[in-house]
Amino acid sequence: MLTSDRLRIVLAASEAVPFSKTGGLADVSMALARALDALGHSVTVIVPDYRQLRLAKQDQLPVVTDSGLRFSISMHGRYVTGGVNWTFLPETGIKVLLISQSDYFDRPQLYMEDGQGYQDNCARFCFFSRAVLEVCQQMVLRPDIIHCNDWQTGLIPALLHSQFAGRPAFENAASVMTLHNMAFQGRYWQPDMLLTGMDARYFNMHHMESWGDLNLLKTGISFADQITTVSPTYAQEVCTPEGGEGLDTLLSYRSDDLVGILNGIDTSIWNPASDAHLPAVYSAKEIQPGKGVCKSALQERMGLPQRDRAPLFGMVSRMSDQKGFDLVAECASRLLLDDIQIAFLGTGDPRYEDYLQHLAIENPSRVAVSIGFDEGLAHQIEAGADCFLMPSRFEPCGLNQMYSLRYGTLPIVRRIGGLADSVVDVQSESLRTGVATGFVFDDYTSPQLAETVERAVELYRQPNVWEQVMKNGMSADWSWQNSARRYVETYRRALERRHDRGADNRQ
Ligand code: ADP
Ligand code: GLC
């Protein structure tokens, strides 16, 4: 690779494994960084230093050092000082910068406690976004690309376009904004404009304002040089009133700069042939006895009877309205008419946590629930279950269905977003051509979900066909390599746009 082809990429996100995680964003930000690094680009990841979390799992993390750098940002007239801790990811050239500010980030959770978002989330993430640019400047990173993710970093493209535009540190920098989830937009009341450091004139419908509020996701979409979504189908959905969550008109307007790139999965972490969380390993070539051992160990761990012939369904998820728990609740009694077992792992909305705990108490030999966040158990469910439930209301990409495919656990999904782009429904034609990988339904209704589960149970009784479908999914390539190349193309397009913008400003 020529040095001129080597991009300097700063990837800013509110979470990244192994430092912090509430959902797929954490997996994606670090896996993409690794894939870009493997393609020969220079990658720096910048995340908040949720110090309490980091210290809690210090023994599992690379050594983190204080860089000594300090900076101050005026937040609504009050100077707030931050620092930078840093580390290298082992066996890569990836530098991770952790923005520290104890009042904002030294807390038990990332965004909320007891179902309530932290009151000062706007200040926390405006500070983080502004810190990203301060740190790029002070550490002389001279990025070509600043890749922003979700509303927590939506302010960055705006700052890059305005107050940071003329600075030498950002002479050639273009921004890319990735939309992982339109349901979260970072909407705050107008006075919070004072936390952004942006001129008040940007509080208008073309830039930062939406329905009377400051909207940080809209801000990112308005100013970014390129916009991406995490699957091609979601890129279409966000341009419709149903999927755009109030921003569809803006996204349609920017559709020339909008591209959908399917997430990959980190196959060094999610690989049934080497997964250290599992009691036994297996592969598409030799599924048994490994997968069977994982199933009975999972049943034992979850307190379910160790019955190898009972189809075991798994669900690992944030417990939110997005993920289809209301559908599961509506048809649970019908599902349990079949001789199946279900293992749930998740945390979130107390309504769903309570409901599932009750379901498990009422059906102790059929339903097991673990409330909490447990990385090891998530792997064990992916491996030990026969089928994975993901009946989402909407799903920008979804990683669990891809983990399931790789682990020979047939996903049951709705035909939306990234689920539509990654699972092929079992039908006579798809079985014949060897492309069937799971079960797909269309309408967000509990009878459709129940019918689809019943279809799965029926197929489970035909072990040879079932095994073929497992193998189809296990041999598909979900690695990041292809998607990372598409991001690089997008970065280059962003640089062209940035160049055009510079030329326009000079006219
Ligand atoms: P989302 O980002 O919308 O939550 P994804 O499917 O993209 O959905 O990613 C979810 C990620 O979070 C997966 O890696 C999944 O295994 C993980 N996850 C979700 N809930 C839990 C939990 N309770 N314990 C462990 N991992 C979880
Ligand atoms: C979001 C989406 C999920 C996606 C993840 C990573 O949280 O809900 O569908 O896989 O981001 O992009």
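Quick caveat: nothing in here was measured; it's all calculated off a predicted structure. (Residues numbered from 1 in each chain as written. Chains lettered and ligands numbered in written order. Predicted model: local features only at pLDDT ≥ 70, side-chain atom pairs only at ≥ 80, totals over all residues. Heavy atoms only, no water.)

Engineer: Break down the packing of aromatic side chains for me, with residues and values.
Structural biologist: On inspection of all chains with the given rule, the structure shows 18 aromatic pairs. With a centroid separation of 5.1 Å and 85° between ring planes, the pair formed by Tyr460 and Trp466 is classed as edge-to-face. Its relative accessible area of 15% is what places Tyr460 among the buried residues. Residue classification places Trp466 among the buried residues on the basis of a relative accessible area of 6%. Among the aromatic residues, ring-to-ring pairing joins Tyr50, Phe71, Tyr104, Phe105, Tyr111, Phe125, Phe127, Trp151 and Tyr188 into one connected group. Between the NZ or CZ atom of Arg107 and the centre of the ring of Tyr118, over which it lies, the distance is 4.7 Å. (Phe/Tyr/Trp six-rings, centres within 6.5 Å; stacked < 30°, edge-to-face > 60°. Buried < 20%, exposed > 50% of the residue type's maximum accessible area, 1.4 Å probe, protein only. Lys NZ or Arg CZ within 6 Å of the ring centre and 35° of its normal.)

Engineer: Explain the nonpolar core residue by residue, including any values.
Structural biologist: Judged by nonpolar contacts, the single largest core of 109 residues is most densely connected at Met30, Val45, Val96, Phe313, Ile412, Phe439 and Tyr491. No other element matches the nine residues that helix 1 (residues 24–38) contributes to this core. Counting contributing residues per domain, this core is built from domain 1 (8–264 + 481–506) and domain 2 (290–475), each supplying no fewer than three. Other than its neighbours up to four places away in sequence, Ile412 contacts Phe313, Cys387, Phe388, Leu389, Met390, Pro391, Phe439, Phe441, Leu449, Thr452, Val453 and Ala456. (Core = buried A, V, L, I, M, F, W, Y, C linked by side-chain atoms within 4.5 Å. Helix = DSSP H or I, 4+ residues; strand = E, 2+ residues; numbered from the N terminus. Domains from an automatic or database assignment. Contact = heavy atoms within 4.5 Å.)

Engineer: Which residues make up helix 12 (residues 350–362), and what are the values?
Structural biologist: Over its 13 residues, helix 12 runs 18 Å from end to end, which matches the ideal 18 Å to within 8%, given 1.5 Å per residue. Of the residues making up helix 12, those classed as buried are Tyr352, Glu353, Leu356, Leu359 and Ala360. In a view along the axis of helix 12, the buried residues occupy a sector of 130°, so they form one face of it. Away from its buried face by more than 90 degrees, helix 12 exposes Arg351, Ile361 and Glu362. By the N-cap criterion, in which a side-chain oxygen at the helix start approaches the backbone nitrogen of a residue two or three places on, helix 12 is capped by Asp349, the distance to Arg351 being 2.9 Å. (Expected span 1.5 Å × (residues − 1). Arc of directions from axis to C-beta. Polar contact = N/O pair within 3.5 Å; in protein donor to acceptor, adjacent residues only side chain to side chain.)

Engineer: Quick one: what's the story with the site of ligand 1, residue by residue and with numbers?
Structural biologist: Neighbouring ligand 1 are 22 residues; Gly24, Asp27, Arg318, Lys323 and Gly372 lie closest to it. Residue Gly24 places a main-chain N or O atom 2.6 Å away from an oxygen atom belonging to ligand 1. Gly372 places a polar main-chain atom, nitrogen or oxygen, 2.8 Å from a nitrogen atom of ligand 1. Here ligand 1 loses 94% of its free accessible area of 570 Å² to cover by the protein chains. Listing elements by their share of the shell around ligand 1, those giving two or more residues are helix 1, strand 15 (312–319), strand 16 (341–348), helix 13 (375–384) and helix 14 (400–406). Among the residues making up the shell around ligand 1, the classes are represented as seven nonpolar, eight polar and seven charged. No fewer than three residues from each of domain 1 (8–264 + 481–506) and domain 2 (290–475) sit in the shell around ligand 1. (Near = heavy atom within 4 Å. Areas by Shrake-Rupley, 256 points an atom, 1.4 Å probe, with all protein chains shown as cover. Nonpolar A, V, L, I, M, F, W, Y, C, P; charged D, E, K, R; others polar.)

Engineer: Report on the packing of helix 10 (residues 290–302) against helix 13, specifying residues and quantitative values.
Structural biologist: Any two packed helices are characterised by the angle at which their axes cross and by the distance between the axes. For the pair helix 10 and helix 13, interaxial distance at closest approach is 8 Å and the crossing angle is 125°. With respect to their mutual orientation, helix 10 and helix 13 come out oblique. Between helix 10 and helix 13 lies a crossing whose hand is left-handed. Mapping the contact onto sequence places Lys291, Cys294, Lys295, Leu298, Arg301 and Met302 in helix 10 and Leu377, Gln380, Ile381, Glu382, Ala383 and Gly384 in helix 13. (Axes fitted to C-alpha atoms, helices over the stretch in contact; angles between N-to-C directions. Parallel < 35°, antiparallel > 145°, perpendicular 65-115°, else oblique. Left-handed = near helix turned anticlockwise from the far one by under 90°.)

Engineer: Can you tell me about the domain arrangement of the protein, naming the residues and giving the values?
Structural biologist: Per the domain assignment, the segments making up the protein are domain 1 (8–264 + 481–506) and domain 2 (290–475). Between domain 1 and domain 2, the residue contacts involve 18 residues of the former and 15 residues of the latter. When domain 1 packs against domain 2, the two sides together hide about 1,300 Å² of surface, and 61% of this comes from carbon and sulfur. When the buried surface of domain 1 facing domain 2 is broken down by residue, Lys21, Thr233 and Leu262 rank first, second and third, together holding 27% of it. Between domain 1 and domain 2 we count one salt bridge in total. Taking the shortest distance from any N to any O, the salt bridge between Lys21 and Glu375 comes out at 3.7 Å. (Buried area = accessible area lost by both parts, 1.4 Å probe. Salt bridge = Lys/Arg side-chain N within 4 Å of Asp/Glu carboxyl O.)

Engineer: Please set out the site of ligand 2 residue by residue, giving values where relevant.
Structural biologist: Near ligand 2 you find 14 residues, and of these His180, Asn263, Glu395, Cys397 and Gly398 are the closest. Between ligand 2 and Asn263 there is a distance of 2.9 Å, counted from an oxygen atom to a side-chain nitrogen or oxygen. With respect to ligand 2, the side chain of Gln322 contributes an N or O atom lying 3.1 Å from an oxygen atom. With the chains in place, 93% of the 310 Å² that ligand 2 exposes on its own is no longer accessible. The dominant element in the shell around ligand 2, judged by the number of residues it contributes, is helix 1, at three residues. Per-class residue counts for the shell around ligand 2 are six nonpolar, six polar and two charged. Both of domain 1 (8–264 + 481–506) and domain 2 (290–475) provide at least three residues apiece to the shell around ligand 2.

Engineer: Give a detailed account of the sheet that holds strand 17 (residues 367–371), specifying residues and quantitative values.
Structural biologist: Read from one edge of the open sheet, six strands run 17-16-15-18-19-20, paired in parallel fashion. Every other strand in the sheet has two partners, leaving strand 17 and strand 20 (439–441) as the edge strands with one partner each. For this sheet, the mean angle separating the axes of adjacent strands, direction not counted, is 15°. Relative to strand 17, strand 16 runs parallel, the two sharing five bridges. Across the sheet, Gly346 pairs through a bridge with Ile371, a residue of strand 17. Relative to strand 20, helix 17 (residues 446–460) is tilted by about 160°, and along the sheet it contacts strand 15, strand 18 (387–390), strand 19 (410–414) and strand 20. (Pairing = 2+ DSSP bridges.)

Engineer: I'd like to hear about unusual backbone geometry, residue by residue, with values.
Structural biologist: For residues other than glycine, phi is negative in most cases, and the peptide bonds are mostly trans. In this structure, Pro18 follows Val17 across a cis peptide bond, with omega equal to 5°. Turning to its location among the elements, Pro18 is positioned in the loop between strand 1 (8–12) and helix 1. Omega for the bond connecting Gln288 with Pro289 falls within 30 degrees of zero, at 10°, which places this linkage in the cis form. Considering the arrangement of structural elements, one finds Pro289 in the loop between strand 14 (258–260) and helix 10. Its identity is not glycine, yet His76 carries a phi of approximately 55°, on the positive side. Considering the arrangement of structural elements, one finds His76 in the loop between strand 3 (65–75) and strand 4 (78–88). Of note, the phi angle at Glu245 is positive, near 50°, even though the residue is not glycine.

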